[in-house]
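# Tertiary structure, described
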Amino acid sequence: MDTLLTQDIGKAGYLGAVAVVADHGAVVYRGAFGHADLQGQHPLREDAIFRIYSMTKPVTSVAALMLVEEGRLHLDAPVATYLPAFAGLQRVAGGSVEAPTLMPVQRPLTVRHLLTHTAGFVTGGDDIRVASALLKAQAPEEATDLSSYADRVARAPLGTEPGTRFRYDGVNTEVLARVIEVASGQSFETFLRTRIFVPLALHDTGFEVPPAQRGRIMALTTRDAAGQRVLADTPSAREPGVRLRPYTSGAGGLYSTVADYLRFARMLADGGVLEGVRLLREDTVAMMMSDQLAGFDPPVPAPEPGEGFGLGGYVVTDPAISARPGSRGQFGWSGAASTYFTIDRERGLVILLLSQHLPTDGAPPLPKLATPFYRAVYSAATP
């Protein structure tokens, strides 16, 4: 596994990577390779801090499910119950950006739709070009808080009928984060800190990194048109530790470490509890890690062969045809900047692999890290 990771690290590849594997709660493999900086002067340490981007989504999902258990949030309640601006939604039925044809949605947009990315929000794609342009015109990512973000999204029509199509889009989770604020009566950041980060002792996880700890953040790279590795053109690459979004993004706003995220993943792997601290019931975790798409009427087509989608992450439904090695019910997700995790409760495995590289349109991509590493783990693991 060391060889597999180091072969893609160097001048033509990734700056570095940190990986950890836990087997029934015990760490059986760990490694830190390469460098934390573009100049190659600082070896990457195991306690490095990473922008985990979309690996924030499972954290947001856990927050929502905690409120479901408390009766303050209901999976099949209309989103408009918590955010009235989403009442009377319409969807695009044709026309052009300048003159769209709109029609009322036939079923209410629910919290479950947000968790399963079946809400009908659309960003990009030729088949939903009109709806995508109308949403983009509202500029939700320029919002400075989740309330404004949700209000901007609510002013745009949906691209598809809720509950009829899986389309992975961070808008779902950003709106869910605002629902969490309303249902909990707390800011999203406060809820995560007091209900998840502090109880699980996630000391280095948050939307910003304290100035004294910013030297631990790995540089964020990309490739230019010539294929050369360069610093990414983002605020958090230029000034590591600042917020990844202007608002507290539930879809992709967190920084974390391999140690912190391993604790979060172990909590899920152990059925919602870690070292005596319980965040979720066992049956709630089982629901989170079960395919939700097959339960829609009619069922929503799966995003990938052999895979469905749970409440906030992919779920392996048929290992024989899935591209991922593992067991039925395996759950996980990844982040835009080359961060990955997976939980295989049947085998008792938790696998984490973190780097910091953003792919760029028009530039040659780097080799994928996660799937080959997962295969090596399963080859080495005892059945």
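You'll find the structure just up there.
Basis of the calculations
Residues numbered from 1 in each chain as written. Predicted model: local features only at pLDDT ≥ 70, side-chain atom pairs only at ≥ 80, totals over all residues. Heavy atoms only, no water. Buried < 20%, exposed > 50% of the residue type's maximum accessible area, 1.4 Å probe, protein only. Helix = DSSP H or I, 4+ residues; strand = E, 2+ residues; numbered from the N terminus. Pairing = 2+ DSSP bridges. Core = buried A, V, L, I, M, F, W, Y, C linked by side-chain atoms within 4.5 Å. Contact = heavy atoms within 4.5 Å. Phe/Tyr/Trp six-rings, centres within 6.5 Å; stacked < 30°, edge-to-face > 60°. Axes fitted to C-alpha atoms, helices over the stretch in contact; angles between N-to-C directions. Parallel < 35°, antiparallel > 145°, perpendicular 65-115°, else oblique. Left-handed = near helix turned anticlockwise from the far one by under 90°. Nonpolar A, V, L, I, M, F, W, Y, C, P; charged D, E, K, R; others polar.

### Focus: the pairing of strand β13 (residues 331-335)
Every regular strand shows the same layout, with side chains that alternate between the two sheet faces. Most of β13 sits out of view: four of its five residues are buried. Bridge analysis of strand β12 (residues 314-316) against β13 gives two bridges, and the strand direction is antiparallel. The residue of β13 that forms the bridge with V315 is F331. The pairing of β13 with strand β14 (residues 339-344) spans five bridges and is antiparallel. Residue pairing for β14: G332 is matched across the bridge by T342. Hairpin remark: β13 followed by β14, antiparallel, with three residues in the connecting loop; positive phi at S338, about 70°.

### Observations regarding the nonpolar core
Residues F86, F121, V175, I196, L268 and F373 are the most contacted members of the largest nonpolar core, which totals 110 residues. Tallying contributions element by element places helix α9 (residues 258-269) first for this core, with eight residues. Aside from chain neighbours lying at most four places away, what touches I196 is V59, V62, A63, M66, F191, L202 and L279. If you look at the next biggest cluster of nonpolar residues, it comprises 11 residues, including V209, L220, A232 and Y255.

### Observations regarding helix α4 (residues 129-137)
Buried within α4 are the following residues: V130, A131, S132, L134 and L135. In this structure, the buried residues of α4 make contact with β4 (90-95), β5 (100-104), α5 (146-154) and α6 (170-184). One or two residues past the end of α4 sits A139, with phi positive at roughly 50°.

### Topic: the packing of aromatic side chains
Counted under the stated rule, the structure contains 11 aromatic pairs. Between Y29 and F373, the ring centres sit 6.0 Å apart and the planes meet at 50°, which makes this aromatic pair tilted. Residue Y29 is located in strand β2 (residues 26-34), and its partner F373 is located in helix α11 (residues 370-380); the two are separated by 344 residues in the primary sequence. Between F188 and F207, the aromatic rings sit 6.0 Å apart at their centres with planes inclined by 55°, giving tilted as the arrangement.

### Things to note about the environment of P303
Following the sequence through the fold, P303 ends up in the loop between α10 (282-288) and β11 (307-309). A residue is classified by how much of its surface remains accessible, and P303, at 30% relative accessible area, is partly exposed. As a C-alpha pair, P303 and Y168 span 135 residues in sequence and 8.8 Å in three-dimensional space. Among residues more than four places away in sequence, those in contact with P303 are F166, L293 and G308.

### Quick look at the pairing of β14
Summarising burial for β14: six of the six residues are buried, a large majority. Of the strand pairs in this sheet, β14 and strand β15 (residues 349-354) are connected by six bridges, and their pairing is antiparallel. Bridge assignment links D344 to a residue of β15, and that residue is L349. Connecting the antiparallel pair β14 and β15 is a turn made up of four residues, with G348 showing a positive phi of about 75°.

### Overview of the packing of helix α2 (residues 56-69) against α9
The interhelical angle for the contact between α2 and α9, taken along N-to-C directions, is 45°, at an axis separation of 12 Å. For the element pair α2 / α9, the angle class is oblique. In terms of crossing hand, the pair formed by α2 and α9 is left-handed. Between α2 and α9, the contacting residues are P58, V59 and V62 on the first element and Y261, F264, M267 and L268 on the second. Its residues placed into classes, the contact of α2 with α9 shows seven nonpolar, no polar and no charged.

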